Amino acid sequence: MSANFWTSSHYKELLDPEEVDVVHQLDKERGITLDDFKLIKLHMSNYIARLAQNVKVRQRVVATAITYMRRVYIRRSMTECDPRLVAPSCLYLASKSEESTVQARLLVFYIKKLYSDDKYRYEIKDILDMEMKILEALNYYLVIFHPYRSLSQLLQDAGMNDTAQLTWGLVNDTYKMDLILIHPPHLIALACIYIASVLKDKETTAWFEELRVDVNVVKNIAMEILDFYDGHKMITDERVNAAMSKLAGK
């Protein structure tokens, strides 16, 4: 495993925002818009988190699985690879790559327990077959660096250990967006610390200025997170269901 983000496949795979916000032609033909695309990925991020809670894996596994899922749809359409199968298959693969292996049959058991909709009903063979397609879509690059890695040290350096729970929650929420595909993880961690410092009225200007980072980039990421929270209030089950209904049936 690469110990250095800057020499890792993760760094080499970072994308520009306009490369991430692209709806594949096959999906467009089904009437899937960019808003639908984002809603479905958000719904699948929540699905992965819910499934992970039941099979009891660490947050890091959840974060890796969501990153895989979001990367898959850079290269594959939702028409080709049904998100309802890609999501649990990414969790299965992430549990192995993060050395917290979950058995596929356990995932199948909880999928059936959590969802009555037949469109979510997949068997072990489906997950194993999709795992191979996911590996191919990821170019077999499985190492993911997460903001959590630097978060504790940065909070300590900033004298903000008392905001750890808030900041950790903010980082968890960044996986409801595509930030991990676009920005180095330490900048995402810093953006969450910046938001926490504003919310808790902590003076961190001098500390941020001493860091060898572009503070404007950090603030821009922070604004993206805050914009997401504003937009998130407008998301209803009806909107999610309307987007999901455009996907191909099994």
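Treat the numbers as computed from the prediction; the structure is a model and nothing was measured.

1. A short note on the side chain of T163
Point 1. Relative to the assigned elements, T163 resides in the loop between α9 (148–157) and α10 (164–174).
Point 2. Note on T163: relative accessible area 2%, which makes it buried.

2. Some details on the packing of helix α4 (residues 34–55) against helix α6 (residues 83–97)
Point 1. Contact geometry of α4 with α6 gives a least axis separation of 9 Å together with a crossing angle of 45°. What the angle tells us is that α4 and α6 run oblique. The element α4 and its partner α6 pack so that their crossing is right-handed. Side by side, α4 and α6 meet where I40, M44, Y47, I48, L51, A52 and V55 of the first sit next to P83, R84, A87, P88 and L91 of the second.
Point 2. Of the residues assigned to the contact of α4 with α6, the class counts are 11 nonpolar, no polar and 1 charged.

3. Re the pattern of salt bridges
Point 1. Enumeration according to the criterion identifies 14 salt bridges in this entry.
Point 2. A network of salt bridges, in which partner residues are shared, links K41, R70 and D178.

4. Thoughts on the UniProt feature "domain: Cyclin-like" (unreviewed entry) in the protein
Point 1. Here, UniProt's "domain: Cyclin-like" (unreviewed entry) annotation points to residues 46–136 and 149–227.
Point 2. In the segment residues 46–136, helix accounts for 73% and strand for 0%; the C-alpha atoms at its two ends are 24 Å apart.

5. What about the nonpolar core?
Generally speaking, soluble globular proteins have nonpolar side chains that are buried together.
Point 1. Counting residues in each nonpolar core, the largest one holds 84 residues, and the members touching the most others are V86 and L91.
Point 2. Looking at this core, the element that brings in the most residues is α4, giving 10 residues.
Point 3. Taken domain by domain, this core gets at least three of its residues from each of domain 1 (9–143) and domain 2 (147–233).
Point 4. Apart from residues lying up to four places away in sequence, L91 is in contact with I48, L51, A52, V55, V57, V61, A65 and L107.

6. Considering unusual backbone geometry
Excluding glycine, most residues fall at negative phi; most peptide bonds, likewise, are trans.
Point 1. Its identity is not glycine, yet E99 carries a phi of approximately 60°, on the positive side.
Point 2. Along the polypeptide, E99 turns up in the loop between α6 and α7 (104–114).
Point 3. Positive phi outside glycine occurs at D201, with the angle close to 55°.
Point 4. Along the polypeptide, D201 turns up in the loop between α12 (185–199) and α13 (205–210).

7. What to know about the state of the cysteines
Point 1. Taken as a whole and judged by the stated rule, the model has 0 disulfides.
Point 2. Free of any disulfide, C81 has its nearest cysteine sulfur in C90, 9.5 Å distant.
Point 3. With relative accessibility at 6%, the residue C81 sits in the buried group.

8. A closer look at the domain arrangement of the protein
Point 1. Parsing the protein into structural domains produces domain 1 (9–143) and domain 2 (147–233).
Point 2. For domain 1 and domain 2, the distance between their C-alpha centroids amounts to 25 Å.
Point 3. Taken together, the two surfaces of domain 1 and domain 2 that pack against each other cover about 1,400 Å², and 65% of this comes from carbon and sulfur.
Point 4. Of all residues in domain 1, the largest losses of buried area upon contact with domain 2 belong to L14, Q59 and R70, amounting jointly to 33% of the total for that side.
Point 5. For the interface between domain 1 and domain 2, the tally reads 2 salt bridges.
Point 6. Taken together, domain 1 and domain 2 are joined by 10 residue pairs in polar contact (both at pLDDT 80 or more).
Point 7. Elements with a contribution of two residues or more to the side of domain 1 that touches domain 2: α2 (17–20), α4 and α5 (59–75).
Point 8. Take the side of domain 1 that touches domain 2: its biggest share by element is 7 residues, from α5.

9. Brief notes about α9
In an α-helix, one full turn covers 3.6 residues, which means residues spaced three or four apart are oriented alike.
Point 1. When α9 is considered as a whole, its buried residues turn out to be Y148, L151, L154 and L155. Projection of α9 onto a plane perpendicular to its axis shows the buried side chains occupying an angular sector of 110°, all on one side.
Point 2. On the buried face of α9, the contacting elements are α5, α10, α12 and α13.
Point 3. Positive backbone phi, at 65°, marks G159, one or two positions downstream of α9.

The rules we used
- Numbers given to residues run from 1 along each chain, matching the order in which its sequence is written.
- Only residues with pLDDT of 70 or above have their local features reported here, since the model is predicted, and side-chain atom pairs are shown and tallied only from 80 upward, although totals for entire chains, interfaces and linings are computed over all residues.
- By convention in this description, side-chain values take in all heavy atoms of the structure and omit both hydrogens and water.
- Here a strand is any run of E in DSSP of at least two residues, a helix any run of H or I of at least four, and the numbering for each starts at the N terminus.
- Throughout, exposure labels follow a simple rule: accessible area from a 1.4 Å probe, protein chains only, divided by the maximum for the residue type, with under 20% read as buried, over 50% as exposed, and the rest as partly exposed.
- Note on definitions: angles span 0 to 180 degrees between N-to-C directions of axes, and those axes are lines fitted to C-alpha atoms, for helices only across the stretch in contact.
- Between 65 and 115 degrees an angle is taken as roughly perpendicular, under 35 as roughly parallel, over 145 as roughly antiparallel, and anywhere else as oblique.
- By definition, turning the near helix anticlockwise from the far helix through less than a right angle yields a left-handed crossing, and turning it clockwise yields a right-handed one.
- Here, two residues are considered to be in contact whenever any of their heavy atoms come within 4.5 Å of each other.
- Classification convention: Asp, Glu, Lys, Arg as charged; Ala, Val, Leu, Ile, Met, Phe, Trp, Tyr, Cys, Pro as nonpolar; all other residues, Gly among them, as polar.
- Here a salt bridge means any side-chain nitrogen of Lys or Arg lying within 4 Å of a carboxyl oxygen belonging to Asp or Glu.
- UniProt positions are given in the numbering used here, feature names are shortened, and annotations may be inferred rather than shown by experiment.
- In this description, a nonpolar core means a group of buried Ala, Val, Leu, Ile, Met, Phe, Trp, Tyr and Cys residues linked to one another through side-chain atoms lying within 4.5 Å.
- Boundary definitions for the domains trace back to an automatic or database domain assignment.
- Here, two cysteine sulfur atoms that lie within 2.5 Å of each other are counted as a disulfide.
- As used here, buried area is the combined drop in accessible area, with a 1.4 Å probe, of two parts when they are placed together.
- By the criterion applied in these results, polar contacts are pairs of N or O atoms within 3.5 Å in which, for protein atoms, one can donate a hydrogen and the other can accept it, and in which residues neighboring in sequence qualify only through two side-chain atoms.
- To be clear, the arc concerns the directions from the helix axis to the C-beta atoms.

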